[in-house]
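This is what each chain is made of:
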Amino acid sequence: MITGTTGVAGPASAAPGERPGTSGPGYFSAGSDRKVTLTDGADRRPDSDHADSPKSAVDATGSGVYIVELAEDPLTTYVGGTSGLTRTRPAPGTRLDVTSAPSQAYRRHLDAQRTAVATAVGVHVTAAYTAAFNGFSATLTAQQATALRADKRVRAVTAAQALGTRSTSALATTSAPATSAPATAAGPDPSAAGHTPKPPKPVTPGPATGAGMVIGVLDTGIWPESASFAKKMPAPANWHGTCQTGVAFVAEHCNGKIVGARYFADTWLAGGGSVPEGEFLSPRDAAGHGTHTASTAAGLPVSDVTIDGRRFDPISGVAPDAQIAVYKVLWGGVGYDADIIAGIDAAVADGVQVLNFSIGSQLGDWEANTPIGMAFLNATLSGVFVAASAGNTGIVSGAISNAAPWVTTVGAAVTNLDEATLKLGDGTKLVGGSLDALPGGGSRPLVFGDQAGSPDLGAVYCEPGSLDAAKIKGKVVACALNDTFGSAAEVKAKGGAAMVLFDPVGNYRVNSIYNFPVVYLPTEKQAGTVFNYLMRHPTDATVSVRAGGDGSSVPGVPSVADFSSTGPDKVTYGVFKPDLVAPGSDIIAAVSPAGNFGRQYDAYSGTSMASPYVAGAAAVLRATHPDWSPGRVASALRTTATDTVGTTNPLDQGSGFINLAGASDPGLVIEPTAAELVAFSETAQPDGKELNLPAISLREYDGTRPVTLTRTLTNVGKARETYRSSVSGLKGMRVTVTPASVTLAPGASATVTITVSRGSAPWDRYVTGSITWRGKAHSARIPVAARPWGITARPYGDDGEEFGRMANGAFGYVQPGFTGPLAGRSTGYTPMRRTSYSMPAGVYGGVFDPKASGVKKVDFTVPANTAGIVVEANTEDPNTNLDLYLYKGDTLIYSSDRYWTSAEQAYKFLPEPGRYTAYVFAQVPGGPVVDFELKHAIIGRNATYSPATLTVPSTTERGQSVNFTLKPNKPLAEGDFWAYTEWSTNGAVVPGNLVYTQQSSWE
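Residues numbered from 1 in each chain as written. Predicted model: local features only at pLDDT ≥ 70, side-chain atom pairs only at ≥ 80, totals over all residues. Heavy atoms only, no water.

When its secondary structure is counted, the protein chain shows 14 helices and 52 strands. The buried share of the protein chain, reckoned over its 1003 residues, is 60%. Within the protein chain, residue pairs in contact and separated by at least 24 positions form 74% of the contacts whose partners lie at least 6 positions apart. Accessible surface, the protein chain as shown: approximately 35,700 Å² in total, 51% of it carbon and sulfur. (Helix = DSSP H or I, 4+ residues; strand = E, 2+ residues; numbered from the N terminus. Buried < 20%, exposed > 50% of the residue type's maximum accessible area, 1.4 Å probe, protein only. Contact = heavy atoms within 4.5 Å. Areas by Shrake-Rupley, 256 points an atom, 1.4 Å probe, with all protein chains shown as cover.)

Note that predicted coordinates carrying low pLDDT should not be read in detail. With 90% of its residues at a pLDDT of 70 or more, the protein chain shows a mean pLDDT of 89. Taken together, the stretch residues 1-25 has pLDDT below 50 and engages in 64 contacts with residues farther than four places along the chain or on a different chain. (pLDDT = per-residue confidence, 0-100.)

On to the state of the cysteines, then. Note: disulfide means a covalent bond formed between the sulfur atoms of two cysteine side chains. Applying the stated criterion across every chain, the model contains 2 disulfides. Across the disulfide from cysteine 243 sits cysteine 254; the S-S distance is 2.1 Å. Between cysteine 243 and cysteine 254 the disulfide shows an S-S torsion of about 80°. By sign, it is right-handed. Within this pair, whereas cysteine 243 is found in the loop between strand E6 (214-219) and strand E7 (258-263), its partner cysteine 254 is found in the loop between E6 and E7, the two being separated by 11 residues in sequence. (Disulfide = S-S within 2.5 Å.)

Take the environment of leucine 381 next. Structurally, leucine 381 is set in helix H6 (residues 371-381). Judged by its relative accessible area of 13%, leucine 381 falls in the buried class. In sequence terms leucine 381 and arginine 89 are 292 residues apart; their C-alpha atoms lie 8.4 Å from each other. Apart from the residues within four sequence positions on either side, leucine 381 is in contact with Thr77, Arg89, Ala674, Leu677 and Val678.

A few words now on the sheet that holds strand E27 (residues 696-702). The strand order across the open sheet built from 5 strands is E27-E34-E33-E29-E31, with neighbouring strands paired in mixed fashion. Every interior strand has two partners, whereas the edge strands, E27 and strand E31 (741-744), have only one. Strand after strand, the sheet turns through a mean of 25° between neighbouring axes, direction not considered. Where strand E29 (residues 721-729) lies against strand E33 (residues 767-774), 6 bridges are found, and the strand directions are antiparallel. The partner of serine 728 across the bridge, within E33, is serine 770. (Pairing = 2+ DSSP bridges. Axes fitted to C-alpha atoms, helices over the stretch in contact; angles between N-to-C directions.)

The next subject is the pairing of strand E51 (residues 975-985). Within E51, 10 of the 11 residues are buried, leaving the element largely enclosed by the surrounding structure. With 4 bridges connecting them, strand E38 (residues 823-826) and E51 associate as antiparallel partners. Note that in E51 the partner of serine 826 across the bridge is threonine 981. Bridging between E51 and strand E52 (residues 988-999) involves 10 bridges; their strand directions are antiparallel. Bridge pairing links alanine 979 to valine 995 in E52. Between E51 and E52, which follow one another and run antiparallel, lie 2 residues, and asparagine 986 among them has a positive phi close to 50°.

What follows covers the pattern of salt bridges. Using the criterion set out here, one finds 29 salt bridges in the structure. With a shortest N-O distance of 3.9 Å, arginine 509 and aspartate 586 are connected by a salt bridge. One end of the pair, arginine 509, is in the loop between strand E19 (498-502) and strand E20 (518-521); the other, aspartate 586, is in the loop between strand E23 (580-583) and strand E24 (587-590), and 77 residues separate them in sequence. For aspartate 586, a relative accessible area of 0% gives the class buried. Between glutamate 982 and arginine 941 there is a salt bridge, and its shortest N-O distance comes to 2.9 Å. With glutamate 982 in strand E51 and arginine 941 in the loop between strand E47 (929-940) and strand E48 (948-951), the pair connects residues that are 41 residues apart, well separated along the chain. Look at glutamate 982 and you get buried, because its relative accessible area is 10%. (Salt bridge = Lys/Arg side-chain N within 4 Å of Asp/Glu carboxyl O.)

This paragraph deals with the packing of helix H4 (residues 289-298) against helix H10 (residues 607-624). Where H4 contacts H10, the two axes come as close as 7 Å, and the packing angle between them is 35°. Pair H4 / H10 crosses with right-handed handedness. Two secondary-structure elements touch here, H4 through His289, His292, Thr293, Thr296 and Ala297 and H10 through Ser608, Met609, Pro612, Tyr613 and Gly616. Split into classes, the residues belonging to the contact of H4 with H10 amount to 4 nonpolar, 6 polar and no charged. (Left-handed = near helix turned anticlockwise from the far one by under 90°. Nonpolar A, V, L, I, M, F, W, Y, C, P; charged D, E, K, R; others polar.)

Looking now at the packing of aromatic side chains. Applying the stated criterion to the full structure yields 22 aromatic pairs. Consider the rings of tryptophan 406 and phenylalanine 680, whose centres lie 5.8 Å apart with planes at 85°: the pair is edge-to-face. On the criterion of sequence distance, the pair formed by tryptophan 406 in the loop between strand E13 (385-389) and strand E14 (408-414) and phenylalanine 680 in helix H14 (residues 674-681) is long-range, its members being 274 residues apart. In this pair, the class of tryptophan 406 matches that of phenylalanine 680, namely buried. Ring geometry for tyrosine 894 and tyrosine 907: centres 5.0 Å apart, planes at 40°, overall tilted. In this pair, tyrosine 894 sits in strand E44 (residues 891-896) while tyrosine 907 sits in strand E45 (residues 904-909), placing the two residues 13 residues apart along the sequence. You can call tyrosine 894 buried: its relative accessible area is 15%. By relative accessible area, tyrosine 907 is classed as buried at 7%. Site record: aromatic cluster; members linked through ring pairs are Phe848, Tyr885, Tyr887, Tyr919 and Phe921. (Phe/Tyr/Trp six-rings, centres within 6.5 Å; stacked < 30°, edge-to-face > 60°.)

Another point: unusual backbone geometry. In this model, valine 557 is joined to proline 558 through a cis peptide bond whose omega is -5°. Topologically, proline 558 is positioned in the loop between strand E21 (542-547) and strand E22 (559-560). In the segment running from threonine 738 into proline 739, the intervening peptide bond is cis, with an omega of -5°. In this model, leucine 910 sits at a positive phi of 45°, which is unusual for a non-glycine residue. Assignment of secondary structure puts leucine 910 in the loop between E45 and strand E46 (914-924).

A separate point is H4. When you tally the buried positions in H4, you get 10 out of 10 residues, the bulk of the element. Every buried residue of H4 is listed here: His289, Gly290, Thr291, His292, Thr293, Ala294, Ser295, Thr296, Ala297 and Ala298.

The next subject is a nonpolar patch on the surface. On the surface, Leu363, Trp366, Ile395 and Val396 cluster together to form a nonpolar patch covering roughly 440 Å² of accessible area. Considering the arrangement of structural elements, one finds leucine 363 in the loop between strand E12 (354-357) and H6. Its relative accessible area of 39% is what places leucine 363 among the partly exposed residues. (Patch = residues over 30% accessible without salt bridge, like charges linked within 9 Å, V, L, I, M, F, W, Y side chains within 5 Å.)

The next thing to look at is H10. Look at H10: 26 Å from first C-alpha to last across 18 residues, which is about the 26 Å you get at 1.5 Å a residue. By the criterion of burial, H10 is predominantly enclosed, with 17 of the 18 residues buried. (Expected span 1.5 Å × (residues − 1).)

Attention now goes to the sheet that holds strand E40 (residues 833-840). As summarised here, the arrangement of the 4 strands in space is E40-E47-E42-E45, forming an open sheet in which the pairing is antiparallel. At either margin of the open sheet sits one strand with a lone partner, and together these are E40 and E45. Shown here is a sheet whose adjacent strand axes are inclined to one another by a mean of 20°, direction ignored. Relative to E47, E40 is paired through 8 bridges, and the arrangement is antiparallel.

Moving on, we come to the nonpolar core. With 54 residues, the main nonpolar core has Tyr327, Ile344, Val352, Leu355 and Phe376 as its most contacted residues. Per-element tally for this core: the top contributor is helix H5 (residues 337-350), with 9 residues. If we ignore the near neighbours within four places in the chain, the residues touching phenylalanine 376 are Leu218, Ile344, Leu355, Phe357, Val386, Trp406 and Val407. The next biggest cluster of nonpolar side chains, apart from the first, holds 53 residues, and it includes Ile215, Ala412, Val581 and Leu637. (Core = buried A, V, L, I, M, F, W, Y, C linked by side-chain atoms within 4.5 Å.)

The structure is reproduced here in structure tokens:
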């Protein structure tokens, strides 16, 4: 066992906290520059640095590329009103015809208006939009932008923004969804299970396969030679698209299955730049992301899927007989919204019925009604269904991309386990994931990469060139997560038998096909177990590796993928996102060989993969029900979705897991009117709860008053049916639906009133549940999430941290969500208990594991009716870095692992009673013995401590910051003290703050 001040990575003389492989002896540090990628296949390429990515569209002076939206309606929404120009907006159930005389005349009018506006300020139009968006993009000075904003013919002037696949699709990974409809996916190597893949069953083209529909894919392009698109098909009636040729892309590539293809790079190239190295200035896909999404939505059935010589199960798109229209708007995985709008504009003019948008912002949307959002609104109003990815920032709640209410925002679900099991030499079993053929059999030697190579070259990560072949030949090599494909190639090249990837900071359950035995352990807890086992057994570690597991790597299937972005939408209070989840983990589909090591097929994960599943499902529904509007399709998909395994929380799963079979006959639909959506789009700070959406979101409502909403139900079934409402979940909420039942003839509608009151539900926390209308033959369910605003407005979800709960008694403040009288009380101050500890140092710069050396365990008993528990750790040794973890049983409650200080704090507000454990981890020990102090306070909600005077205003207004003080009535002893405050208004009691004060010896 290694218990000294250094690990095996190097001498103790280097600076603490530096990354192994550069100059530091420590293994891992929160301040290291280790890359953790959760992206699409583009990041899997050796040349994925994207050096030619576009710069900011607007510079510090305010000059750059802008999107100018003009005041008049585009073709999709113009209903008349201009002299001599008749309506161009398509009637319900029909599509925009850009070749009609009214469309041609109105387009000439828009062209003239655009020219006049641009000429007035002396700008050259880079790209013009008329179908789904009326306006243009142009390079403007700050003065020109200001002048255009003052022009009454202009609705908005917005600086162009860069978006990309990086925020919405995960690193290439695993296999097939087990779902109610065909999907582009496959299971792990069938040959390992001793069977031969079966060809897909022949399917007669028709509505159930999306025949007659065109799905537009806004992405990185397409690889036209793929077998997933190898079918000649006639263009559908009223198709107006084209096949734009370019580098390595000719007209013959548009064979009918690929019915049209275009590329958009005007904004990218506007500054005189070029596309990234390796890209094609054409619709051809250099990365693989666009090919993958297109084949997931509408790829043909393919029986002979082979990846690196291994055969996988047959695959098929969700709508295999739908046709694909390609709109390449991303270059090296990144693109400008100005080019994306050009793609949307073209797609709507061409005649697509469905659009897929697996693109998003890094941490989700930050404003409502963006230019892209407006283009999608106009597309929706003209009859085009839009599916979009929610994003892959599941670790941060509320970071939802594509949150517009007219877009179906899709989260990702795990539908296959794809597990692998490691058994360490001490008997410990760890269940991770793998898509590779694993060696199986008995134990093999296990060696840590850092012990088998050069630390200075990054052996801890098994970086290329870092390992010693003599030390790993025939062994299983454990490598920390960084460049996963580079690590696998290094271990393979040097003769290793297999690779175990572990993540020292915990990331996501994401696998890839490495063409080499690789097992991925995604959690920090697993990383700590492996790492510390290796530290205890630097020369005699062993492991057995086998495919399969016990199901413990996920709650079950289908379950929400841990990387999938969760709600609520942080932009608007009343819009519920994500809308639903679909297969998005370990999806095998066609890719671009240029960006995927020569592979024709590969496994990706991400909400980028889930969105095209829904796009394909929408194509099937539109083919089955040609008269259905996009809103009707969206409602059918959402009200028939089923719960995932492991959570029923709509903030995670939206309405639930897609059920295409049920959606084809939903019984009821709930869809917003065009007028409602337009009104939302024209509001500076829209709420959205008034929209007739199949969900209810009350993010920051006034809990002292009931909230009344309406929803209109429409019978789209073939028979008269009576539906009775019921409420589930929503503990502590009072919910009434009036009338409680409705009887509807086919095509008839009824409006119901829904009243929601707080009751005994907690303040400042979400309460979730659902309302269901059940008939004799159908059932429709809508999710409900309500968070009554007590004293802290919080735009995100309940992720374990209570924002605004910790306050300083000298200048505390609250922000009540109600208007009225305000009164408060406090428990007074109780001191933190201080205990000094010494423990032997563990590994320098290691990974936390409760059983490791260098960890001190301290238990606390938290009684019922506790307001809060606060635990703090500190050391006077400047060379020691402590981390602090607070657990309840095996559940992590709070972690504090700041690398720049050892003053760590963990807390829990209104904790459940029971046994809690604090673990102090010397992540960087400054010597062979670590001395530190642990302080803790358990504050009772109704306790009486050293008296203190609470001063607070007697009234408050909703959203107003209220300052308060909590001063001890008499001098306190030296040390740190905590108290609890509680507020009330008109008899309603609102939990308040954990308040601290300090008394120094010199005061």
